[in-house]
Amino acid sequence: MNLLIRNGKSVVNFVCFMLIVFGGSVHSRGLLSSQDRPKPSNAAPFARWLVSQSSWGVLSTIAEDLGGAPFGNVVSFSDGLPNEGKGIPYFYLTSLDPTARYALKDHRSSFTLSEYPLGTCGKIDPEEPTCSKITLTGKLNELDAKSEEAETAKKALFAKHPDMKKWPKDHSFQVYKLDIEEIFMINFYGGPKPLTVDEYLRSGMNKVTAIM
């Protein structure tokens, strides 16, 4: 008993240390972080990695009632089943929320992701070029609820975001897809990487190379 009391401070310090180490390891990376970070020079695989590993971002639509100003909203998404991402973002949205309501009138949209939430940027500021960010611009379209694509997308969304299954049925959530037309990505110094939509979509995750 006396030994325990004498060493009480050491025990507390050890417990705190273990919580920091293991707690940090759990929360410092994204939900699907089993893939290694590609080399920044490999633009297409890097972009696919960033999208696949991310679980949320800022989806911007055109706000008609705000004079056509862009309206950004934090939304969850999935581009496929864990570690099987196809690169196309799918969303589970309700028209009770402005984002879906705006998209139904004007499909022009952009979706922005940052690497920072994944925990792979270290302690640098999220705006630093080496902490990557990507903006996918295109058209946000509601999928036919009875289509095979909608069913596949819903499985991918529920796999990444289990809570979605519990969202209110009377809110009429539907699956939306961002049809990508332009890609803007910065993942290192020297400005945005030249990257076409075709290069991005054709770059499977099996082509991802190891971290530098």
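Residues numbered from 1 in each chain as written. Predicted model: local features only at pLDDT ≥ 70, side-chain atom pairs only at ≥ 80, totals over all residues. Heavy atoms only, no water.

By the naming in an unreviewed UniProt entry, the protein chain is CREG-like beta-barrel domain-containing protein, taken from Lactuca virosa.

Draft legend 1. Spatial organisation of the state of the cysteines. Under the definition given, this model contains one disulfide. Across the disulfide from C121 sits C131; the S-S distance is 2.0 Å. Taking the torsion about the S-S bond as the criterion, the C121 to C131 disulfide, at about 85°, is right-handed. A residue pair is termed long-range when its members are at least 10 positions apart, and C121 in the loop between β4 (108-114) and β5 (133-142) and C131 in the loop between β4 and β5 qualify at 10 residues. (Disulfide = S-S within 2.5 Å. Helix = DSSP H or I, 4+ residues; strand = E, 2+ residues; numbered from the N terminus.)

Draft legend 2. Focus on the packing of aromatic side chains. Per the stated rule, a full pass over the model turns up 10 aromatic pairs. For the ring pair F91 and F111, a centre distance of 5.0 Å and an interplane angle of 90° mean the geometry is edge-to-face. On the criterion of sequence distance, the pair formed by F91 in strand β3 (residues 90-93) and F111 in strand β4 is long-range, its members being 20 residues apart. Residue class for F91 comes out buried when judged on its relative accessible area of 0%. Residue F111 is classed as buried on the basis of its relative accessible area, which comes to 1%. (Phe/Tyr/Trp six-rings, centres within 6.5 Å; stacked < 30°, edge-to-face > 60°. Buried < 20%, exposed > 50% of the residue type's maximum accessible area, 1.4 Å probe, protein only.)

Draft legend 3. Helix α4 (residues 98-105), seen in detail. Restricting attention to buried positions, one finds in α4 the residues T99, A100, Y102 and A103. All buried residues of α4 fall inside an arc of 165° around its axis, so they share one side. One side-chain oxygen at the N-terminal end of α4 lies 3.0 Å from the backbone nitrogen of T99; it belongs to D97. (Arc of directions from axis to C-beta. Polar contact = N/O pair within 3.5 Å; in protein donor to acceptor, adjacent residues only side chain to side chain.)

Draft legend 4. View of the pattern of salt bridges. Tallied over the full model, the rule gives seven salt bridges. Between E115 and R37 there is a salt bridge, with its nearest N and O atoms 2.7 Å apart. Remark: R37 occurs in the loop between α2 (8-27) and α3 (43-53) and E115 occurs in the loop between β4 and β5; sequence separation between them is 78 residues. In this structure, E115 and R37 share a single accessibility class: buried. If you follow the salt bridges from partner to partner, you end up with E149, K177 and D179 in one network. (Salt bridge = Lys/Arg side-chain N within 4 Å of Asp/Glu carboxyl O.)

Draft legend 5. Layout of the pairing of β4. Note: strand β1 (residues 56-63) against β4, four bridges, orientation antiparallel. Residue pairing across strands places V58 opposite T112, the latter belonging to β4. Across seven bridges, the pairing between β4 and β5 is antiparallel. If you follow F111 over to β5, its bridge partner there is L136. (Pairing = 2+ DSSP bridges.)

Draft legend 6. Layout of α3. Counting buried residues in α3 gives 11 out of 11 residues, a clear majority hidden from the surface. Among the residues of α3, those classed as buried are A43, A44, P45, F46, A47, R48, W49, L50, V51, S52 and Q53.

Draft legend 7. Examining the pairing of strand β6 (residues 174-186) more closely. Direction of pairing for β3 relative to β6: antiparallel, over a ladder of four bridges. The residue of β6 that forms the bridge with Y92 is V175. The pairing of β5 with β6 spans 10 bridges and is antiparallel. Counted as the bridge partner of G138 is I180 from β6.

Draft legend 8. Layout of the environment of S114. Relative to the helices and strands, S114 resides in strand β4. Look at S114 and you get partly exposed, because its relative accessible area is 26%. Residues S114 and C131 lie 17 residues apart in sequence; the distance between their C-alpha atoms is 7.5 Å. Looking at S114, its side chain comes within polar contact range of the main-chain nitrogen of Y116, at 3.1 Å.

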